[in-house]
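Summary of structural features
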Amino acid sequence: DGGDGTARAFASATGAKLISTRVTGPLGGKVRAHWAWDADNHLAVIEMAQAAGLWQVPLARRNPMKTTTRGVGELVLAALKHGAKRIIVGLGGSATVDGGAGLAQALGWQLLDKNGRSIVSGGEGLLTLARIVPPTNHPARGIEFICATDVSNPLLGKDGAAKVFGPQKGATAKDVIALEKGLANLDLCLMRDLGKSVAKMKGAGAAGGMGAAMAAFLNARAVSGIETFLEHVHFQQQAKGAQLVLTGEGRLDRQTLFGKAPAGVAKAATTLGIPVIALAGSLGEGWQTLLKKDFLAAF
């Protein structure tokens with residue numbers, strides 16, 4: 001659905017090549033990140049979690065005031081060097097709330113403070129952002145970008161990136177206030193310097209504001225991650241003739257119905273008249289709602 005495992009799942013299902021690239025990790029050091037390359041269709045599938053994933057950050061070092069999305073931008077550059085014409089970026093599993101600032105910097109945008117210096121990495125850098133300068137030669141001009149996500153949160157407010165996702169990534173109550181202020185400042189700068197108003201866009205708050213950055217810097221459009229990948233792997237064609245579909249995730253609860261992979265699979269299978277059973281590591285609050293919507297049973 002755009003989160004952890006997306007690139008490998010896409011490659012496995014379609015025969016695309018899995019490529020490993022050395023990029024900047026969420027803590028600033030170098031990491032190995034893999035992405036999927038469909039050469040026949042000039043399509044790259046980038047999993048954000050490979051370059052900026054929460055799984056890469058030890059519990060004691062989780063701090064979205066510091067973590068960066070620069071590596072995601074470096075994966076985009078790698079895909080462009082391979083000749084990508086369409087790039088799908090899965091937004092999920094990130095350790096960041098930097099509003100995609102690191103991605104923008106990797107692709108050549110200058111994010112400057114009032115003294116003309118580059119802002120520091122992480123969410124804290126957005127607090128000092130005063131000016132955005134586009135690159136002279138836009139590396140991704142003419143390329144189609146798609147954000148695959150399982151959430152529709154806006155950038156700011158009670159349902160925004162800082163308040164909803166910040167604590168999941170290690171932010172303290174004080175950090176959440178600072179992150180919200182930084183993202184609001186980013187939004188103001190995007191409107192003033194690029195003429196882009198993306199804060200209220202559906203999915204702008206995905207992956208710590210990466211949805212907003214993709215729209216503002218790369219003219220990306222946001223789509224349902226699971227619906228997109230079911231289409232690319234020809235799910236309905238593969239499922240025809242099946243008597244049962246099994247799907248699942250780590251935890252099934254009422255949130256499963258809001259864009260998560262099992263819900264997308266169940267919806268697609270139900271249109272074919274195939275019963276669906278969900279399997280999970282645990283059944284959380286409200287899991288019974290699944291039984292009213294496309295699921296025969298859950299265990």
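Coordinates for the structure precede this section.
Described below are features of the structure shown in this document. (Residues numbered from 1 in each chain as written. Predicted model: local features only at pLDDT ≥ 70, side-chain atom pairs only at ≥ 80, totals over all residues. Heavy atoms only, no water.)

**Quick word on the sheet that holds strand S8 (residues 221-224)**
Spatially, S1-S2-S3-S4-S7-S8 is the arrangement adopted by the 6 strands of the open sheet, whose pairing is mixed. Every other strand in the sheet has two partners, leaving strand S1 (17-24) and S8 as the edge strands with one partner each. Sheet twist, expressed as the average angle between the axes of neighbouring strands with direction ignored, equals 30 degrees. Bridge analysis of S1 against strand S2 (residues 30-38) gives 8 bridges, and the strand direction is antiparallel. The residue bridging Ser20 from the neighbouring strand is His34, located in S2. Helix H7 (residues 206-218) contacts strand S4 (86-91) and strand S7 (144-149) of the sheet and is inclined by roughly 160 degrees relative to S4. The strands that helix H8 (residues 225-232) touches are strand S3 (43-47), S4, S7 and S8; relative to S8, the one it contacts most, it runs at about 75 degrees. (Pairing = 2+ DSSP bridges. Helix = DSSP H or I, 4+ residues; strand = E, 2+ residues; numbered from the N terminus. Axes fitted to C-alpha atoms, helices over the stretch in contact; angles between N-to-C directions. Contact = heavy atoms within 4.5 Å.)

**Here's the deal with unusual backbone geometry**
A positive phi angle, close to 55 degrees, is found at Asn219, a residue other than glycine. On the basis of relative accessibility, which here comes to 59%, the residue Asn219 falls in the exposed class. A positive phi angle, close to 75 degrees, is found at Asp294, a residue other than glycine. The topology assignment puts Asp294 in the loop between strand S10 (276-283) and strand S11 (297-298). (Buried < 20%, exposed > 50% of the residue type's maximum accessible area, 1.4 Å probe, protein only.)

**Here's the deal with the sheet that holds S11**
Overall, parallel pairing links the 3 strands, which are arranged S9-S10-S11 in an open sheet. The two strands at the open ends of the sheet, each matched to only one other strand, are strand S9 (245-252) and S11. With 7 bridges joining them, S9 and S10 adopt parallel strand pairing. Counterpart to Gly248 in the pairing with S10 is Leu279. Where helix H10 (residues 261-271) meets the sheet, it contacts S9 and S10, and its direction lies at approximately 160 degrees from that of S9.

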